[in-house]
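# Topology and contacts: notes
Chain residues, written in single-letter form:
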Amino acid sequence: MSPQTLENPSRPFWESKTLSQMTGAEWESLCDGCGRCCLIRFEDEDSGDIIPTTVACKLLDGETCQCTRYKHRKRYVPDCIKLTPHNVGELQWMPKSCAYRRIHEGKGLASWHPLISGDPNSVVAAGISMKGLTISEDELDQPEDAIAYEAPDLSGDGGD
Ligand code: SF4
Ligand code: SF4
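Residues numbered from 1 in each chain as written. Chains lettered and ligands numbered in written order. Predicted model: local features only at pLDDT ≥ 70, side-chain atom pairs only at ≥ 80, totals over all residues.

### Let's talk about the site of ligand 2
The local shell around ligand 2 consists of Cys 38, Cys 57, Leu 59, Leu 60, Cys 67, Arg 73, Val 77 and Cys 80. For the shell around ligand 2, the class distribution of residues is seven nonpolar, no polar and one charged. (Near = placed C-beta within 6 Å. Nonpolar A, V, L, I, M, F, W, Y, C, P; charged D, E, K, R; others polar.)

The following block contains the structure:
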């Protein structure tokens, strides 16, 4: 069956629609607010791996893990990439736990996702959220100082 014909109204939208078929509100609700995509990353010159740090974009609120200027963020952070159904498969640095990436890869949502648990705090309880774990890039003397703040392993997809 083509993914473009997936709609099945008896199933929740994240199971019955492709990312492209979702409404704007459905798309936005997929974000669990983990904040992982807003971490400063650097590329390992030897391996080519993209390594996240615990340094966050200057617009991230480290406690709520929300972008403080989401609507106008490109004005302040021009290189912030807008995630779309079309580029989600190309952005290999996106966390494997990210709902958009998981759905794109056919994994569905994890049990800790708020749309499943009904509780936004389940993202924190599952150890997925960056709440309280980051410093702002504004606190660094030089942008390259971020390299000293390599994040703990965030490579997991968050499980089932
Ligand atoms: S990694 Fe995905 S789920 Fe987490 S904040 Fe970014 S877009 Fe939202
Ligand atoms: S501008 Fe906002 S959405 Fe973009 S990386 Fe920074 S905090 Fe995240």
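### Side note on the nonpolar core
Core analysis: the biggest nonpolar cluster contains 25 residues, and Cys 38, Leu 39, Ile 40, Ala 56, Leu 60, Ala 99 and Tyr 100 have the highest contact counts within it. The set of elements that each furnish at least two residues to this core consists of strand 1 (39–43), strand 2 (50–56) and helix 4 (99–104). At three residues, helix 4 tops the list of elements feeding residues into this core. Not counting residues within four places of it along the chain, the set of residues in contact with Cys 38 comprises Ala 56, Cys 57, Leu 60 and Cys 67. (Core = buried A, V, L, I, M, F, W, Y, C linked by C-beta atoms within 7 Å. Buried ≥ 20, exposed ≤ 12 C-beta atoms within 10 Å, placed from the backbone. Helix = DSSP H or I, 4+ residues; strand = E, 2+ residues; numbered from the N terminus. Contact = placed C-beta atoms within 7 Å.)

### Points about the sheet that holds strand 2
Strand order across the open sheet formed by three strands is 1-2-3, with mixed pairing between neighbours. Across the chains shown, the open sheet's two edge strands, defined by having one partner strand only, are strand 1 and strand 3 (135–136). (Pairing = 2+ DSSP bridges.)

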